[in-house]
Structures are given as structure tokens and as C-alpha cells.
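Structure assessment
In case you want the letters, here they are:
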Amino acid sequence: MVVRRALVTGASSGIGAATARLLATEGYRVGLLARRRERLDALCAELEGEGHLVLPCDLTQAEEIASALLKLEEAFGGLDLLVNNAGMGYRARVEELDPSLLEQVFAANVRGLLLACQGALPLLRKGVSPVVVNLSSVVGRRGVPGQAAYCASKAAVTSIGESLRVEWSEEEIAVCTLSPALTATGFFGSQPNPSELPDPDMSHAAAPAEVAAHVLALDRAPKPELTLRKKWHWLGVLSAIAPRVADRLLVKRVGGGWSAPKR
Ligand SMILES: NC(=O)c1ccc[n+]([C@@H]2O[C@H](COP(=O)([O-])OP(=O)(O)OC[C@H]3O[C@@H](n4cnc5c(N)ncnc54)[C@H](OP(=O)(O)O)[C@@H]3O)[C@@H](O)[C@H]2O)c1
């Protein structure tokens, strides 16, 4: 059996950890990248199969990305699946944005993802039917109040997917944008939220393993874009053609006391 080699960023928790578990169960060799080394070590110890790799790395630091990818190349020789999953949220009204947190969000969610793609390209060229799955969000096609910085970073991820899938088509590297909706992870608990904007209603949140199953399915049958909640997909479409109607539908959907613009 040919063993596929994958790199999962943000593997220390949530969707990334679930994806690493599923890929290992399916026989992949997995590189686990994140900042919290002890969590990666613990996950690596419990993964099925052999030859997995722990790559402690802060994606906001270009030199750390380069050195992690060098280690990956030495160990794996090439890469068949890159899952750009790492990301951080930031809940704040625009008036209260802290410039250093703003930079951190874009450094991790956008610059880090671009540098990971750039650095991984030589490895993907040595891969077999190589696939990239970028984790965006339903808010990458429709901004929501109280999360302007995060939404803008995810809009950038969706845009990068559009550029890259055409740029890399001649390389035969498939690039997929996967946009989950609410997923039950520590994501909302760990993000900065200085004025304690209310948590979203997580009662219908997906399990991280459900999102992981979509990552695996995209590796097997790549699609340019996959949005995991149809209502959000159509809200994104509506926002482009009838923004006032979309605003009214959005405020009903997100709760939190926001109101639609009157003019
Ligand atoms: N949960 C949701 O409702 C939801 C919905 C739509 C999209 N998403 C997206 O799904 C992805 C995974 O989120 P999640 O829900 O699984 O959240 P999570 O449990 O908070 O996981 C985030 C992961 O990103 C890693 N990370 C953050 N900053 C990093 C950095 N500077 N360098 C390296 N790794 C970094 C974290 O690891 P360390 O802290 O160890 O570095 C962690 O492993 C994110 O891109 C998120 O935007 C989530």
C-alpha cells in the first residue's frame, strides 16, 4: 500500500487534532505542526501507525516555518497532502481593535498560511497526486459584526485558494478551500474577546471529527470549494447580489442584539 504523507498545521487541538487522528487511522504518515509541543507529543504517541513527526512551530515566524519544512523534507522526502488548518479568532468591535492582536491574527491566519504554501511547494512537487486543503470559514464569504479582523483574515484565505488553484494547476497540485461553520472546539474560548461579546449558540455546532472527514474526502476527490453549511453558502451569494437583504437575514441568524442598517 502506498502511504500518503500529510502535514497538518494547528494539530495540537480541535479540527487539526481530529484530522491528524483520522489521517493516521487511514494509514497516512502525518506531520503535526503547532506551537504547543507537549500537546503534539501526546497526540503523536496515541496516533495509529508509525513514522509521524512532531513539528513545533509558530506560524507567525518565517524562519520557524522554514526549519519545520526542512525537518519534514528530511523525514518524509515529499508531501502528498498539506492541511493549512492553524488559525486564531479575534472577537472585538472595530473601535476596540488592538493593533498588535490585529497583526497576530493576520500573521498566523494569512501570512503564515502563504509562507507554509510557498515553503511546501518543493515538497508537494515531489508528492503523489498532491492536494492542499486550506481551512477558511463560512465568515470568509460573509463578514459578521464583532469579528471584522477574523472575517477579513478568512476572506483572505478564500481568496488565496482562488489564486493558488489556478497558479498551481500546471503543477497538478489540487487546491481546496474548506469552510466550516461553528465547530465544537476550544476556538471561541481561547480567542481574545476584550469586551466579552457573547459566545455563539453552539447547540448545532459540528464535531471536529465531521470536519476532519471532509478534509479526508477532499484529499480523495478534490473540490475547489466546500462550505459545510448550505445556509451560509447562500448567504454569501446573497451578500454579493442583494446586500441589504443579506444583512437582515444575517442579524437574525447571528443573534447578539445586532441590528441591520436602516439606510
Ligand atoms: N471552531 C469553529 O467554529 C471554526 C469555524 C470555522 C472555521 N474554523 C477554522 O478552523 C481552524 C481550526 O480551528 P479550531 O476550531 O480547531 O480551533 P482551535 O482548537 O483553537 O485550534 C487552532 C489551532 O491552530 C494552532 N495555531 C494558532 N496559532 C498558531 C500559530 N501562530 N502557529 C502555529 N499554530 C497556531 C493552535 O495550536 P497552538 O496554540 O499549539 O499553536 C491550534 O492547534 C482555524 O483555522 C479556524 O479559523 C473554526
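Residues numbered from 1 in each chain as written. Predicted model: local features only at pLDDT ≥ 70, side-chain atom pairs only at ≥ 80, totals over all residues.

**Here we look at the overall build of the chain**
Keep this limit in mind: Labels follow the DSSP assignment, with helices taken as runs of H or I lasting at least four residues and strands as runs of E lasting at least two, numbered in each case from the N terminus. Computation of the radius of gyration draws on C-alpha atoms, with the globule rule given as 2.2 Å multiplied by the number of residues to the power 0.38. Three exposure classes are used, based on other C-beta atoms lying within 10 Å of a residue's own C-beta, which is placed from the backbone: buried for 20 or more, exposed for 12 or fewer, and partly exposed in between.
Scanning the chain from terminus to terminus reveals nine helices and seven strands. Its C-alpha atoms give the chain a radius of gyration of 18 Å, near enough to 18 Å, the size a compact globule of 263 residues would have. Its C-alpha atoms give the chain principal-axis dimensions of roughly 60 × 35 × 30 Å. Per-residue burial over the chain gives 41% buried out of 263 residues.

**Looking at helix α1 (residues 14–25)**
Filter applied, for reference: The length a helix should cover is 1.5 Å for every residue beyond the first.
The end-to-end C-alpha separation of α1 is 17 Å, in line with the 16 Å expected for 12 residues at 1.5 Å each. Counted residue by residue, α1 has 11 buried out of 12 residues, so it is predominantly covered. Restricting attention to buried positions, one finds in α1 the residues Gly14, Ile15, Gly16, Ala17, Ala18, Thr19, Ala20, Arg21, Leu22, Leu23 and Ala24. Backbone geometry just downstream of α1 places Gly27 in the positive-phi region, at approximately 95°.

**Quick look at the site of the ligand**
The condition is simple: Nearness here is judged by the C-beta atom: place it from the backbone, and if it falls within 6 Å of a molecule or strand, the residue counts as near that partner. Think of it as three bins: nonpolar holds Ala, Val, Leu, Ile, Met, Phe, Trp, Tyr, Cys and Pro, charged holds Asp, Glu, Lys and Arg, and polar takes everything else, Gly as well.
With respect to spatial proximity, 28 residues lie near the ligand, and among them Gly10, Gly14, Arg35, Arg36 and Gly87 are the closest. Broken down by secondary-structure element, the contributors of at least two residues to the shell around the ligand are α1 and α6 (187–190). Here the shell around the ligand is built from residues that sort into 11 nonpolar, 13 polar and four charged.

**Regarding unusual backbone geometry**
Residue Glu172 is not a glycine yet carries a positive backbone phi of 60°. Relative to the assigned elements, Glu172 resides in the loop between α5 (148–167) and β6 (174–179). We classify Glu172 as exposed; it has 11 C-beta atoms within 10 Å. Positive phi, close to 50°, is recorded for Glu196, a residue that is not glycine. Within the element layout of this structure, Glu196 appears in the loop between α6 and α7 (208–220).

**Some thoughts on the nonpolar core**
Stated precisely, the cut-off is as follows: Put simply, a nonpolar core is buried Ala, Val, Leu, Ile, Met, Phe, Trp, Tyr and Cys residues tied into one set by C-beta atoms within 7 Å. Domain delimitation follows an automatic or database domain assignment. Contact definition: two residues whose C-beta atoms, as placed from backbone geometry, lie within 7 Å.
Counting 67 residues, the largest nonpolar core has Ala20 and Leu32 as the members making the most contacts within it. When residues of this core are assigned to their parent elements, the largest contribution, eight residues, is made by helix α4 (residues 99–125). Mapping this core onto the domain boundaries places at least three of its residues in each of domain 1 (5–228) and domain 2 (230–263). Apart from residues lying up to four places away in sequence, Ala20 is in contact with Val8, Ala11, Val30, Leu32, Leu43 and Leu47.

**A closer look at the packing of helix α3 (residues 62–76) against α4**
Inclusion rule: As a rule, the C-alpha atoms of each element are fitted with a line to give its axis, helices using only the stretch in contact, and angles between N-to-C directions run from 0 to 180 degrees. For classification purposes, an angle smaller than 35 degrees is called roughly parallel, one larger than 145 roughly antiparallel, one from 65 to 115 roughly perpendicular, and anything else oblique. Working rule for handedness: look at the near helix, and if it is turned counterclockwise from the far one by less than a right angle, call the crossing left-handed; if clockwise, right-handed.
Where α3 contacts α4, the two axes come as close as 10 Å, and the packing angle between them is 30°. By the angle between their axes, α3 is roughly parallel relative to α4. You can see that α3 and α4 cross each other, and the crossing is right-handed. For the pair α3 and α4, contact is made by Ala62, Ile65, Ala66, Leu69, Leu72 and Glu73 and by Gly112, Leu115, Ala116, Gly119, Ala120 and Leu123, respectively. A breakdown of the residues in the contact of α3 with α4 according to their chemical character gives nine nonpolar, two polar and one charged.

**What to know about the environment of Glu38**
With respect to the helices and strands, Glu38 occurs in helix α2 (residues 37–46). The exposure class of Glu38 is exposed, given the 10 C-beta atoms found within 10 Å. Distance in space between the C-alpha atoms of Glu38 and Val54 is 9.7 Å, their sequence separation being 16 residues.

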